[in-house]
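Geometric and topological summary
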Amino acid sequence: MPLRPVMVNIKALDAPATGRFWAQALGWTAYHPGITTYVGPPGGLVWPDPVYVGVDVVPVPEPRSPAKNRVHLDLASDSPAHQAELVARLRAHGATLADVGQGDVPWTVLRDPEGNEFCVLEPREVYRDTGPIAAIVVDCADPRGMARFWGEALDWAVLEVTDEQATLRSARGTGPYLEFLRVPGTEAVPDRVHLDLLPYAGDDGAAEVARLRALGAGDLDVGQGEVPWTCLVDPEGHGFCVLTLP
């Protein structure tokens, strides 16, 4: 069956510190299962989480490009007071205000300590049951094309498709949304933030990778060498990985 998103992968010079920041941002816990820092719901490490998409912070030696990331997180709030408190708390933990040309909007755009953009949203009814991550947002040129590819790639349902936006969510109606927003002239740079996908138990991972290539995915070489996962790009060049079950 199609793949499921299990993690947002964030590359960082200081992965433990960046993981601690995101644990503060989400109200979750930073776990250290290996060289990466995994941020997931408290109560003990459960992977893959049955509801939420976790955050996996991976150490890399290269600094971030100054170009805007093509993938970012939108964080949910449940009241104006909660939004203001969350922004203030994250600024106290190293977040900075960011101007990405958003103008006068009701949400707040911030950067994490490594410079990765994210938004703290004003309360919105649509995100009332998502958990702390309201949406994983991907800048793209063609939301309809992205909906075709990702709708086939994932076991998530396509909820909305227009010329400006495409929206997917788990068919169970839980966890965050995956949103593709039309952003003309987006610069294609190496992705600092990307999705990690996982087959279901009993599925053939190699067959899933072949299926993605048939849908239009391309291979991606980021110097990963011999690893148990597969690095790919979607038809607009956004990187992502297909993992294997432990």
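See the structure above.
These notes cover the structure that comes with them. No experiment lies behind these values; they were computed from the predicted model shown. Throughout, residues of each chain are indexed from 1 in the direction in which the sequence is written. Restriction of local features to residues with pLDDT of at least 70 applies here, the model being predicted, together with a cutoff of 80 or more for giving and counting side-chain atom pairs; totals for whole chains, interfaces and linings are based on all residues. Working from all heavy atoms in the structure, the side-chain values ignore hydrogens and water.

1. Things to note about the sheet that holds strand 8 (residues 117-120)
Using the following cut-off: Only strands joined by at least two bridges in the DSSP assignment are considered to pair. Under the scheme used here, helices are H or I runs from DSSP no shorter than 4 residues and strands are E runs no shorter than 2 residues, and both carry numbers assigned from the N terminus. Residues are treated as being in contact if the distance between any of their heavy atoms lies within 4.5 Å. What counts as an axis is a line fitted to C-alpha atoms, over the stretch in contact for a helix, and the angles between N-to-C directions run from 0 to 180 degrees.
Pairing within the open sheet is mixed, and its eight strands lie in the order 6-7-8-5-9-12-11-10. Bordering the open sheet on either side are strand 6 (96-97) and strand 10 (156-161), each of which pairs with just one other strand. Bridging between strand 5 (residues 71-75) and strand 8 involves three bridges; their strand directions are parallel. Bridge pairing in strand 8 places Leu-73 opposite Phe-118. Helix 1 (residues 15-26) rests against strand 5, strand 8 and strand 9 (133-140) of the sheet, and its axis sits at about 35° to strand 5.

2. Remarks on the packing of aromatic side chains
Let me state the cut-off plainly: Working definition: a ring pair exists when centres of Phe, Tyr or Trp rings (six-membered ring for Trp) sit within 6.5 Å. Plane angles under 30 degrees give stacked, over 60 give edge-to-face, the rest tilted. Whether a residue is buried, partly exposed or exposed follows from its accessible area with a 1.4 Å probe, protein chains only, as a fraction of its type maximum: under 20%, in between, or over 50%, in that order.
Summed over the entire model, instances satisfying the criterion amount to nine aromatic pairs. On the basis of an interplanar angle of 55° and a centroid distance of 5.6 Å, the ring pair of Trp-28 and Tyr-52 is categorised as tilted. In this pair, Trp-28 is assigned in the loop between helix 1 and strand 2 (29-31) and Tyr-52 in the loop between strand 3 (37-40) and strand 4 (54-59), connecting sequence segments 24 residues apart. A residue is classified by how much of its surface remains accessible, and Tyr-52, at 29% relative accessible area, is partly exposed. A ring pair is formed by Trp-150 and Phe-240, whose centres lie 5.0 Å apart and whose planes are at 65°; its orientation type is edge-to-face. In this pair, Trp-150 sits in helix 3 (residues 143-153) while Phe-240 sits in strand 16 (residues 239-242), placing the two residues 90 residues apart along the sequence. Of the aromatic side chains, those joined through ring pairs into one cluster are Phe-149, Trp-150, Phe-180 and Phe-240.

3. Focus: the nonpolar core
Basically, it comes down to this: Nonpolar core, defined: a set of buried Ala, Val, Leu, Ile, Met, Phe, Trp, Tyr and Cys residues in which side-chain atoms within 4.5 Å join the residues together.
Of all hydrophobic cores here, the largest spans 49 residues; its most connected members are Trp-22, Leu-75, Leu-90 and Trp-150. No other element matches helix 1, which puts six residues into this core. Leave out the neighbours within four places in its chain, and Leu-75 touches Trp-22, Ala-25, Leu-26, Leu-86, Leu-90, Phe-118, Cys-119, Val-120, Leu-121, Pro-132 and Ala-134. In terms of nonpolar packing, the next biggest core, distinct from the first, is built from 10 residues, Ala-76, Cys-119, Leu-121 and Ala-135 among them.

4. What to know about the sheet that holds strand 13 (residues 193-198)
One open sheet accounts for eight strands, arranged 2-3-4-1-13-16-15-14; its pairing is mixed. Sheet topology places strand 2 and strand 14 (218-219) at the edges, where each strand pairs with a single neighbour. Sheet analysis places strand 13 next to strand 16, joined by three bridges and oriented parallel. Residue pairing for strand 16: Leu-195 is matched across the bridge by Phe-240.

5. Quick look at the pairing of strand 5
The two faces of the sheet receive side chains in turn, since in a regular strand these alternate between them. Among the five residues in strand 5, five count as buried, and that is most of the element. Side chains Val-71, Leu-73 and Leu-75 of strand 5 all project onto a buried face; the interleaved residues His-72 and Asp-74 project onto the opposite face, where all are buried too. As defined by bridge partners, strand 5 adjoins strand 9 across five bridges and the pair is classed as antiparallel. Opposite His-72, over in strand 9, you have Val-137 as the bridge partner.

6. Observations regarding the packing of helix 3 against helix 4 (residues 205-215)
Basically, it comes down to this: Roughly parallel means an angle under 35 degrees; roughly antiparallel, over 145; roughly perpendicular, 65 to 115; everything else is oblique. Two helices that cross are described as forming a left-handed crossing if the nearer one is turned anticlockwise from the farther one by less than a right angle, and a right-handed crossing if clockwise. Polar here means any residue outside two lists: the nonpolar Ala, Val, Leu, Ile, Met, Phe, Trp, Tyr, Cys and Pro, and the charged Asp, Glu, Lys and Arg; Gly therefore counts as polar.
Contact geometry for helix 3 and helix 4: axes closest at 10 Å, N-to-C directions at 165°. On the basis of their axis angle, the class for helix 3 and helix 4 is roughly antiparallel. Helix-helix and strand crossings are classified by hand; for helix 3 and helix 4 the assignment is right-handed. Mapping the contact onto sequence places Phe-149, Glu-152 and Ala-153 in helix 3 and Arg-211, Leu-212 and Leu-215 in helix 4. For the contact of helix 3 with helix 4, the residue count by class is four nonpolar, no polar and two charged.

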